[in-house]
Amino acid sequence: MLEYKMPSLGADMASGSLREWRVKPGDRIKKGDIIAEIETQKGIIEIEVFEDGVIGELLVKVDELVPVGTSMATILTEEEAAGKRPAPAEAPREEKPAEAPAPAGSTTETLPHHIRASPLARRIAEEKGIDIATIQGTGPEGAILREDVEHAIAAQAAPAAGKAAVEHAAVPEEVTPEKPAPPVAEEKPIPAAATAQSIRMAVAAAMSKSNREVPHYYLETKIDMSKALAWLADTNGQRPVKERLLPAVLLIKAVAKALNDVPALNAWWENGLQLKESIHIGYVVALRTGGIMVPAIHDTDTKSVEELMLALNDLIPRARALRLRSSELADSTITVTSLGEGGVETVYGVIYPPQVALVGFGGITEQPWSENGMLTVRPVLTATLAADHRASDGSTGSRFLTAIKNYLQQPEKL
Amino acid sequence: MPGQLITYRECIKQAIREALQADERVFIMGEDVGRYGGAFAVSKNLLQEFGPERIMDTPLSEAGFVGAGIGAALGGMRPIVEVMTVNFSLLALDQIANNAATLLHMSGGQFNVPLVIRMSSGVGRQLAAQHSHSWEPLFAHLPGLRILSVGTHEDARYMLAPALADPDPVIIFEYTSMLNLEKELPDSAESIEISKAKVRRAGKDISIITYGTGVYKALEAATELAAAGIDAEVVDLRVLRPLDEETIVASVAKTNRAFLVEDASRSVSVSSEVSARIMERCFYDLDAPVQRLCGAEVPIPYPKHLEDASVPQPAQIVTAIKTLLQHA
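Predicted model only: the values in this text are computed from it and were never measured. (Residues numbered from 1 in each chain as written. Chains lettered and ligands numbered in written order. Predicted model: local features only at pLDDT ≥ 70, side-chain atom pairs only at ≥ 80, totals over all residues.)

## Considerations on the overall build of chain A
- Counting its secondary structure elements, chain A contains 12 helices and 18 strands.
- Burial statistics for chain A: of 414 residues in total, 42% are counted as buried.
- For chain A, contacts bridging at least 24 residues in sequence account for 66% of all contacts bridging at least 6. (Helix = DSSP H or I, 4+ residues; strand = E, 2+ residues; numbered from the N terminus. Buried ≥ 20, exposed ≤ 12 C-beta atoms within 10 Å, placed from the backbone. Contact = placed C-beta atoms within 7 Å.)

Listed below in structure tokens is the structure:
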């Protein structure tokens, strides 16, 4: 029998509250299955299991605040499960309510639910990156209408909502829209604002810790992007629109390959340097509501540029909807931030602990460029490295940035 | 005649007269259209002006004279066939559905049927179940026909000419209850496109989509709704077949809500079709379910209060829309 424990979903996470069990005692699970939703400062996270087996007992109730490391459920092997329940699979399900008595108010939350919302409201919420589940509907039978979504958007922008949101964050169960709360207009936008507020606090905590503890050093280099852009234009010309590549995938892939050459930067600093074997690049996604999420692209170095594009297309919308998996939040071994869409040329990043390096890419701009005694104009990208001087030194960082630069001169080989 | 009031009946009459003057191939035939001046006095005095060859009284045989109209159209004439009310048109349905609507197809594109059939429809003044039905949906179902519904004085005056210009059969529904209604004609009547619906009143909160007698009712309701702060758009379908989807879609995409009004009974009606098209094209623009206010599913009753109750009234439109918008 194994115990499933509350995972740590980031360096600063002390506890999380259980929002929903996705499994019941007796359910068969496979490695990678989502078994529960946990609410953390970063929003609602789907958590995965890492073993195959059968759910034995659920030890934690919905809405309970659970410290990291606490046992949440038992997982039985097939043999143990067979011994425990000779009856067919249906039997224990019927016993379940007795096994896991839940407070009357929360039983409905464990049922699969459908959120009543108008198609237009859903569309606007999706476009604005707002989780519709956080909005209180005022329409017929509690349906969420356009007006409700617009109020939620307005409330996020309104600073006045801040104080209420902080108070609210302490009472996460109220976020659930299924609660038959009185439809008081002033109260309904708070949940969305609360999420934005708690993300802000999480970013603040991580960045403060980094600035307090990590001795940063910075390196910077300019990269001629003409070959990379020409290759992209050429390959995209032959691809259907859906399969076209963005410059970001080349940058991410180049970073992954450079990490293979300079593994010292693919590491965590936790009680000393811990080199990481797998390369999971965390890619910074700016949320439209403010704040950032940094989902990990697992095994970045083994993915082709096409696979990386697919990964970004999957991760970015989920990050914006705050629907990331626990492993995606916790596994990053280095961070890449790209502000290429904005106007800035250079990014000096703050390392996300316990990682030891962060690569920053600015926008690609046309600049005068001299080469072989000739002056010309080239599309130029400024790449920076913020690295932890406890873990590496400038010469290591220099080799790493140079490797990125070289890889970007041979885009076809990425 | 800007600023001057004119009846719906007079608009139709002027349109017919103008058509007769403009094209000598045009003639009108039907029951009592000549000596009696038309069952609803639409063609009064036209016999004296144009003579019996062009204002032709027919025997009481809808199948016969509609069939004759089809033959005349095939022979190069431009007949306007008047069927007294939609109720009697079913006697001619074989000619309409199996000949007029299909000949172009069955002749491999060789024979157009440039026929116009006018018929009175809807409740009138207590004309009971013999004369009062709204059967536009029956005809709107048939491929090969263009179905027009005359919901305004403007269309009563100006729709006939483009209908006659159409090389294929066109059925025009006119409304008995509106004949004596006086309105101003727009100063300059634009040429009417008989393929397009028309936004009669622009608004942003909800689209009232209707036709025929529903148009003025919807405009009246919209005025009352405006007083309550609801800005309703009124879309007059005008063409019931083929439906002008683009105008419907543009309106619903703007207002995000649709309310459909028609006198015809609700089941398998024009609004059923419009509702389905909205679902197909505008689902992600909808902030509320499409709702309908239609005729009661009854043969039209004789007593005045029951007749009134059998079709939508402006007050009902106002109440239903206020409820839909949670404005009550």
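We are not done yet, so read on.
## A closer look at the overall build of chain B
- Check the secondary structure of chain B and you find 15 helices and 14 strands.
- A separation threshold of at least 6 residues defines the contact pool for chain B, and within that pool the share at least 24 residues apart is 79%.

## What to know about the environment of Val235(B)
Residue and element names in this part refer to chain B.
- Mapped onto the secondary structure, Val235 falls in strand E11 (residues 232-236).
- In this structure Val235 comes out as buried when scored by C-beta crowding, with 29 C-beta atoms within 10 Å.
- Taking the C-alpha atoms as reference, Val235 lies 5.8 Å from Arg200; in sequence the two are 35 residues apart.
- Setting aside its immediate chain neighbours within four residues, Val235 contacts Ala197, Val199, Ser207, Ile208, Ile209, Thr247, Ile248 and Ser251.

## Notes on helix H4 (residues 119-128) of chain A
Residues and elements named next belong to chain A.
- Among the residues making up H4, those that are buried are Leu120, Ala121, Ile124 and Ala125. Around the axis of H4, the buried residues are gathered within 130° of arc, so they sit on the same side.
- Along its buried surface, H4 packs onto helix H5 (146-157).
- Two residues or fewer past H4, Gly129 is found with a positive phi of approximately 70°. (Arc of directions from axis to C-beta.)

## Considering the sheet that holds strand E3 (residues 28-29) of chain A
Residue and element names in this part refer to chain A.
- Pairing is antiparallel across the open sheet formed by 4 strands, whose spatial order is E1-E8-E6-E3. Of all the strands in the sheet, the pair left with one neighbour each is strand E1 (2-5) and E3.
- When E3 meets strand E6 (residues 53-58), the two strands line up antiparallel, connected through 2 bridges. Across the sheet, the residue bridging to Arg28 is Val54, located in E6. (Pairing = 2+ DSSP bridges.)

## Concerning the interface of chain B and chain A
- Every contact between the two is made by 7 residues of chain B and, on the other side, 7 residues of chain A.
- Among the residues forming the side of chain B that touches chain A, the class breakdown is 4 nonpolar, 1 polar and 2 charged. (Nonpolar A, V, L, I, M, F, W, Y, C, P; charged D, E, K, R; others polar.)

## Examining the packing of helix H9 (residues 247-261) of chain A against helix H12 (residues 394-407) of chain A
Residue and element names in this part refer to chain A.
- Put simply, H9 and H12 touch, their axes get as near as 8 Å, and they point 130° apart. Considered as vectors, H9 and H12 are oriented oblique to each other. With respect to the hand of their crossing, H9 and H12 are arranged in right-handed fashion. For the pair formed by H9 and H12, the contact residues are Ala254, Val255, Lys257, Ala258 and Asp261 on the first element and Phe400, Ala403, Ile404 and Tyr407 on the second.
- When grouped by side-chain class, the residues that make up the contact of H9 with H12 number 7 nonpolar, no polar and 2 charged. (Axes fitted to C-alpha atoms, helices over the stretch in contact; angles between N-to-C directions. Parallel < 35°, antiparallel > 145°, perpendicular 65-115°, else oblique. Left-handed = near helix turned anticlockwise from the far one by under 90°.)

## Here we look at the UniProt feature "domain: Peripheral subunit-binding (PSBD)" (unreviewed entry) in chain A
- Mapped onto this numbering, the UniProt entry gives "domain: Peripheral subunit-binding (PSBD)" (unreviewed entry) at residues 116-153 of chain A.
- The distance separating the terminal C-alpha atoms of residues 116-153 of chain A is 18 Å; by composition the span is 47% helix and 0% strand. (UniProt positions renumbered as here; feature names shortened; annotations may be inferred.)

## Considerations on the sheet that holds strand E9 (residues 198-201) of chain B
Residues and elements named next belong to chain B.
- On the basis of which strands lie adjacent, the open sheet formed by 5 strands has the order E9-E11-E10-E13-E14 and mixed pairing. Each edge of the open sheet carries a strand with a single partner, namely E9 and strand E14 (291-295). Between one strand and the next, the sheet's axes are offset by a mean angle of 25°, whatever the strand orientation.
- Summarising the sheet, strand E13 (residues 258-265) and E14 pair through 4 bridges and their orientation is parallel. Counterpart to Val261 in the pairing with E14 is Leu293.
- Here helix H11 (residues 214-227) sits on the sheet and contacts E9, strand E10 (206-210), E11 and E13; the angle it forms with E11, its principal contact strand, is near 175°.
- Those strands touched by helix H13 (residues 270-282) are E10, E13 and E14, and its axis lies near 155° from that of E13.

## Structural notes on helix H10 (residues 305-320) of chain A
Residues and elements named next belong to chain A.
- In this model, H10 (16 residues) spans 22 Å end to end at C-alpha, consistent with the 22 Å of a helix rising 1.5 Å per residue.
- Turning to H10, its buried residues number three or more, namely Leu308, Met309, Ala311, Leu312, Leu315, Ala319 and Arg320. Taken around the axis of H10, the buried residues stretch over an arc of 160°, which confines them to a single face.
- Elements that come into contact with the buried residues of H10 comprise H9, strand E13 (285-286), strand E14 (292-293), strand E15 (296-297) and helix H11 (326-330). (Expected span 1.5 Å × (residues − 1).)

## Examining the confidence of the model for chain B
- Within chain B, residue pLDDT values average 94, and 98% of them lie at 70 or more.
- This prediction of the complex comes with two scores: 0.54 for pTM and 0.75 for ipTM. (pLDDT = per-residue confidence, 0-100.)

## Observations regarding the pairing of strand E7 (residues 170-175) of chain B
Residue and element names in this part refer to chain B.
- Among the 6 residues of E7, 6 are classified as buried, and the element is accordingly described as predominantly covered.
- Because side chains alternate across E7, one face comprises the buried residues Val170, Ile172 and Glu174, and the other comprises Ile171, Phe173 and Tyr175, equally buried.
- By the bridge criterion, 4 bridges tie strand E6 (residues 146-149) to E7 in an arrangement that is parallel. In the strand pairing of E7, Leu148 is matched with Ile172.

## Structural notes on the nonpolar core
- Counting residues in each nonpolar core, the largest one holds 109 residues, and the members touching the most others are Val149(A), Ile16(B), Leu148(B), Ala163(B), Ile172(B) and Ile208(B).
- Among the elements that take part in this core, helix H1 (residues 8-22) of chain B stands out by supplying 7 residues, more than any other.
- Contact partners of Ile16(B), with chain neighbours within four places excluded, come to Ile28(B), Ser43(B), Leu46(B), Ile80(B) and Leu160(B). (Core = buried A, V, L, I, M, F, W, Y, C linked by C-beta atoms within 7 Å.)

## Topic: the pairing of strand E4 (residues 78-85) of chain B
All names here are of chain B.
- In terms of residue burial, E4 counts as a mostly covered element, since 8 of its 8 residues are buried.
- Across 5 bridges, strand E2 (residues 26-30) lies against E4 in parallel orientation. Across the sheet, Phe27 pairs through a bridge with Pro79, a residue of E4.
- As paired strands, E4 and strand E5 (residues 116-121) are joined by 5 bridges and run parallel to one another. The partner of Val81 across the bridge, within E5, is Ile117.

## Points about the environment of Gly363(A)
Residues and elements named next belong to chain A.
- Along the chain, the position of Gly363 falls in strand E17 (residues 357-371).
- C-alpha separation for the pair Gly363 and Gly340, spaced 23 residues apart in sequence, amounts to 3.6 Å.
- Residues within four places of Gly363 in sequence aside, it is in contact with Leu339, Gly340, Gly342, Gly343, Val344 and Glu345.

## Quick look at unusual backbone geometry
- In this chain, Pro353(A) is followed by Pro354(A) through a cis amide linkage whose omega measures 5°.
- On the secondary structure map, Pro354(A) appears in the loop between strand E16 (334-338) and E17.
- Following Arg241(B), the chain continues to Pro242(B) via a peptide bond in cis, the omega torsion being -10°.
- Mapped onto the elements of the fold, Pro242(B) is located in the loop between strand E12 (239-241) and helix H12 (245-255).
- Of note, Asn45(B) is a non-glycine position whose phi angle comes to about 75°, a positive value.
- In this structure, Asn45(B) sits in the loop between E2 and helix H2 (46-50).
- At Val268(B), a position not held by glycine, the phi torsion is positive, near 50°.
- Tracing the sequence through the fold places Val268(B) in the loop between E13 and H13.
- Look at Val268(B) and you get exposed, because 12 C-beta atoms sit within 10 Å.

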